[in-house]
Structure formats: C-alpha cells, structure tokens
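# Topology and contacts: notes
Residue strings, one per chain:
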Amino acid sequence: MQEATSPKRRSFSLYAVVSAALLSVGVIVAILAGVSPASAASLATNPEAQVMVFMVPLTILVLVMLFEVARFALRNVALPAETKPRRQVRRYWSPGHNEG
C-alpha cells in the first residue's frame, strides 16, 4: 500500500493568490521602469543575458530537485521492498509458411 506524501491535500488557492500578486508586482515594476518589447529585445542580444535566461531556471530546477530528494530522504520512510527480476521466457521463433 502506498502512503500519501502528506496527511491531507493542500489547497493551492493560497499559492495562486501569491503567484498572481508577484506577477502583478513584476508587471507594475516593469511598466514603471519603462521596459518595452523593443528595449527587452535589445537586451536579449547581450550574451550574458542569454546565458542568464538559460541558467537561472535550470539552476532553480536542480535546487528544487535536490530539496525534494533531501526532504524524502530525511523523512525516514521505508522504501518499497525490492522484487526479484522476472525470469525471462525464451520463445523460439521460427518462420511460418512463406516467411523467410
């Protein structure tokens, strides 16, 4: 039997509200800073910006994965028991009528 990772299902409405608020703040800051698509396009030609656009999400993804692995390992939940590998059944094939 598989155990759930949490005793109760969490509501994601709080996360949705926080995400929407952060997005709104980011949009307001961008408007006040005068960021336009033309200025953003000229910024994207900078090699450092291109590397940053690729590496920042990748680094965040790796850190989140490490956090999840550590959280699972520190929980001291027993891993599922190992099962013996299935014995392979050898089927001897021979060509049928008018085959090879």
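Just so you know, the residues in each chain are numbered from 1, in the order the chain's sequence is written. For a predicted model such as this one, the threshold for reporting local features is a pLDDT of at least 70, and the threshold for listing and counting side-chain atom pairs is 80 or more; totals across whole chains, interfaces and linings nevertheless cover every residue. By convention in this description, side-chain values take in all heavy atoms of the structure and omit both hydrogens and water.

What follows covers the overall build of the chain. Within the chain, the regular secondary structure consists of 3 helices and 0 strands. Listing every helix and strand of the chain by position from the N terminus yields α-α-α. The method behind every accessible area is Shrake-Rupley, applied with a 1.4 Å probe, and residues are considered shielded solely by the protein chains displayed. Here the chain has roughly 10400 Å² of accessible surface; of this, 67% comes from carbon and sulfur atoms. The numbering of helices and of strands both runs from the N terminus, where a helix is a DSSP run of H or I of at least 4 residues and a strand a run of E of at least 2.

Expected span of a helix, by definition, is 1.5 Å for each gap between consecutive residues, and there is one gap fewer than residues. Along its 21 residues, helix α1 (residues 13–33) runs 30 Å from first to last C-alpha, staying within 8% of the 30 Å computed at 1.5 Å per residue. Gly34 sits one or two residues past α1 and shows a positive phi near 80°.

Salt bridge, as applied in this entry: a Lys or Arg side-chain nitrogen positioned within 4 Å of an Asp or Glu carboxyl oxygen. Following the criterion strictly, the structure yields 1 salt bridge and no others. Measuring nitrogen to oxygen at the nearest pair gives 2.5 Å for the salt bridge that ties Arg71 to Glu68. Linking Arg71 with Glu68, this pair stays in helix α3 (residues 47–74), spanning 3 residues, or about one helical turn. For every residue, the accessible area (1.4 Å probe, protein chains only) is compared with the maximum for its type, and the residue is labelled buried under 20%, exposed over 50%, or partly exposed between those bounds. For Glu68, a relative accessible area of 36% corresponds to the partly exposed category.

Side chains of Val51, Phe54, Met55, Leu58, Leu61, Val62, Leu63, Met65 and Leu66 sit close together on the surface and give an oily, nonpolar patch of about 860 Å² of accessible area. Assignment of secondary structure puts Leu63 in helix α3. Patches were defined on residues exceeding 30% relative accessible area and lacking a salt bridge, with like-charge contacts within 9 Å and nonpolar side-chain contacts (Val, Leu, Ile, Met, Phe, Trp, Tyr) within 5 Å.

As a further point, take the confidence of the model for the chain. In this model, the chain carries an average pLDDT of 81, and 89% of its residues clear a pLDDT of 70 or more. Residue-level confidence of the predictor is what pLDDT reports, using numbers from 0 through 100. Taken element by element, the predicted model of the chain shows its lowest mean pLDDT in helix α2 (residues 37–43) (77) and its highest in α1 (91).

Once that is clear, we can look at α3. In a regular helix each residue adds 1.5 Å, so 28 residues correspond to 40 Å; α3 covers 40 Å between its end C-alpha atoms and thus fits that length. Trailing α3 by a residue or two, Asn76 shows a phi angle of about 60°, which is positive.

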